[in-house]
2 protein chains.
Amino acid sequence: MPQKVNPPYLLFDVGGTDIKSALSDDAGNLLGIRRVPTRHGTPDPAAGLIDQLHTLGTDLMAESPLVKPKAVGLLVCGVVDETHGRGVFSANLGWRDAPLRDMASKAFALPVGFGHDVSSAGAAELRFGAGAALGSKVRNAVMMVVGTGIAAALFVDGHPVSSGGYAGELGHAAVPGGLDCPCGAHGCLETIGSAGAIAKRYAHATGRQVNGAREVLEAMNAGDIVATRIWDEAIEALAFSIAQLCSSISPETVIIGGGLAQSGEALLGPLRLALRKKLSYHREPLIVPAQLGQDAGLRGAYLKAVEAKENQP
Amino acid sequence: MPQKVNPPYLLFDVGGTDIKSALSDDAGNLLGIRRVPTRHGTPDPAAGLIDQLHTLGTDLMAESPLVKPKAVGLLVCGVVDETHGRGVFSANLGWRDAPLRDMASKAFALPVGFGHDVSSAGAAELRFGAGAALGSKVRNAVMMVVGTGIAAALFVDGHPVSSGGYAGELGHAAVPGGLDCPCGAHGCLETIGSAGAIAKRYAHATGRQVNGAREVLEAMNAGDIVATRIWDEAIEALAFSIAQLCSSISPETVIIGGGLAQSGEALLGPLRLALRKKLSYHREPLIVPAQLGQDAGLRGAYLKAVEAKENQP
């Protein structure tokens, strides 16, 4: 929880499936958190999004008339140019190079802190969640969100790595055994190491539909050898990608979030072992679970709103 | 060439095989460049190194008595903790956690700028070589030195990535088809993508000893199918590792240096093609040759010496 007194903010975390919104009070508590499906299929996707956010924000403020937000924190998915406040590209939501920060600022008549959803959620995990729990300041870290797909936030020397929005796309780096990916590349980690891939590959191999990776884990625990193979291959793939990072940016800590992280030590224990087998003189990172859960994005939006307010001319 | 007037510096680039040393004059020109074998087998490797550097430095200064260095730039190989001025580990040269910066400072009674050889050579390439040639400021870049082994320098938002000295070890990240590596890991890029590996694998496959990767390239150009396979596998492995970087830190530019880069477009052309095939929506980096050649390290030592002089209390 943030300790410093701050003015209230209006917060949005826009994903491909849903939008989370909330107000924060001056102690940093989230008020009126709600989750609604992201509107799809509007002719102008960027304008449609801002319109939906405006409705959500107006509702939130009507519910808490005493809370007067002084800035907006807005996170979106896809390729995001934080420096110029633009949504560069979202395959799911359809915008191309849209000036979302300025559009939101105009709609709310407030300064807007704008960021990438996973990158900002990672910053929040470092500041308020898994990073804070480690006690000492973590400066080189990776947060991997392993769910339907796989995305990541990279931190080097305490700063997020953006590279114009192209950094952290670990779900679309190749791993041995990876499959053809809808993104157009071959072998992407996401095709074998994500919760989505685990469920899909198990259903494909057995003809038995499952409701997510958790059911595959349960099948494995009940002795199902197909489930065991698919689960092991996912862990091997995740360990491969983390080992690559150990040789490039060498994070001290890898925080695992997203749906698959809810498997806890059933995932993290074998993942640590698989990683250790791949390393020699490399520095072995701590692998820890994310702690903020579904609210990590709103907490990240909060950090962006604080930035926007502090940098206001 | 540096344009700013600076005082003279005393510069060392310590590799596993040889030490390069020089003075720089106030225009940044390198004077009296020499290259001597690194002394091995002294009982205290760190003290032995400092002793050898002192002899080299004394000789250089005796040759140019009018040049009075005001700081030392010292680069060493291995795992280097630049922040604390320590050589953490060198498999080749044998030191463990040695305070090389302070030892050199005491030996020369001068401030010492201390850094990693490849990281600092990369900084010099960005500042004076391949990066400068690109005109605009390159902020996210990787310099890969592909020689007997493979090492790299990573830059994010214009800053070198160190991670306590463990960053940039791309030669020891796994690639498909990679072999057992003397480092203890399996599949390291270095075992298949380095100039050393190309020569060794060709000799092993044909029973014909070759004097370096260049001879394998010549054999390929003469139609040798074994040479073609080994060369192609090296390029495929290098492209795999660069593609991993495109999904993690997403460099705008990849500078290729070291012995293998002397093959020029015979290497870089196919490498660009192989990389392109692996990418989808990722940002494709420019792949360019290094330009400073053997002097990159001394130029990097120069940058470190400038830093040390400017930060002098």
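By the naming in an unreviewed UniProt entry, chain A goes by ROK family protein and is assigned to Paeniglutamicibacter antarcticus.

Enquirer: Looking at this model, I keep getting lost on the interface of chain A and chain B. Mind explaining?
Expert: In many analyses, interface size is given as the accessible surface area lost on bringing the parts together. Between chain A and chain B, the residue contacts involve 31 residues of the former and 31 residues of the latter. At the boundary of chain A with chain B, total buried surface from both sides reaches about 2700 Å², with 58% on carbon and sulfur atoms. At the boundary of chain A with chain B, the tally comes to 0 salt bridges. Counting across the chain A and chain B interface gives 24 residue pairs in polar contact (both at pLDDT 80 or more). Tallied by class, residues from the side of chain A that touches chain B come to 16 nonpolar, 11 polar and 4 charged.

Enquirer: I'm lost on the relation of the copies chain A and chain B in this one. Help?
Expert: Both copies of the chain are tied together by a single rotation about an axis and a shift running along it. Of the transformation superimposing chain A on chain B, the axial component is 0.0 Å and the angular component is 180 degrees, with the fit at an RMSD of 0.0 Å. Accordingly, the operation relating the two chain copies is best matched by a two-fold axis. Within chain A, the C-alpha atom positioned nearest to the axis of rotation is that of proline 176 of chain A, 3.2 Å from it. When the interface residues of chain A are mapped onto chain B, 100% of them again fall at the interface, so both copies present the same face.

Enquirer: Can you walk me through the pairing of strand 15 (residues 286-289) of chain A in this structure?
Expert: On a regular strand, each side chain points to the face opposite its neighbour's, so the side chains alternate between the two faces of the sheet. Residues and elements named next belong to chain A. Where strand 14 (residues 253-257) lies against strand 15, 4 bridges are found, and the strand directions are parallel. Looking across to strand 15, one finds that valine 254 is bridged to isoleucine 287. One crossover worth recording links strand 14 to the parallel strand 15 by way of helix 9 (residues 265-278), and it is right-handed.

Enquirer: Is there a simple way to think about the environment of leucine 23 of chain A in this case?
Expert: Residue and element names in this part refer to chain A. Here leucine 23 lies in strand 2 (residues 18-24). Leucine 23 sits 17 residues away from histidine 40 along the chain, and the two C-alpha atoms are 24 Å apart. The residues touching leucine 23, leaving out its near neighbours within four places in the chain, are Tyr9, Leu10, Asn29, Leu30, Leu31, Leu60, Met61, Ser64, Val67 and Pro69.

Enquirer: Hey, could you run me through the domain arrangement of chain A in this one?
Expert: Residue and element names in this part refer to chain A. In terms of domain boundaries, chain A breaks down into domain 1 (9-121 + 294-310) and domain 2 (135-291). Summarising the inter-unit geometry, the C-alpha centres of domain 1 and domain 2 are found 27 Å apart. Domain 1 puts 7 residues into the contact, and the matching count from domain 2 is 11 residues. Summed over both sides, the interface between domain 1 and domain 2 buries roughly 690 Å², with carbon and sulfur atoms accounting for 64% of that surface. Where domain 1 touches domain 2, the interface holds 0 salt bridges. Taken together, the links from domain 1 to domain 2 amount to 0 residue pairs in polar contact (both at pLDDT 80 or more).

The rules behind the values
- Residues numbered from 1 in each chain as written.
- Chains lettered and ligands numbered in written order.
- Predicted model: local features only at pLDDT ≥ 70, side-chain atom pairs only at ≥ 80, totals over all residues.
- Heavy atoms only, no water.
- Contact = heavy atoms within 4.5 Å.
- Buried area = accessible area lost by both parts, 1.4 Å probe.
- Salt bridge = Lys/Arg side-chain N within 4 Å of Asp/Glu carboxyl O.
- Polar contact = N/O pair within 3.5 Å; in protein donor to acceptor, adjacent residues only side chain to side chain.
- Nonpolar A, V, L, I, M, F, W, Y, C, P; charged D, E, K, R; others polar.
- Least-squares fit on C-alpha atoms with pLDDT ≥ 70 in both.
- Pairing = 2+ DSSP bridges.
- Helix = DSSP H or I, 4+ residues; strand = E, 2+ residues; numbered from the N terminus.
- Right-handed = clockwise from strand over helix to strand, strands pointing away.
- Domains from an automatic or database assignment.

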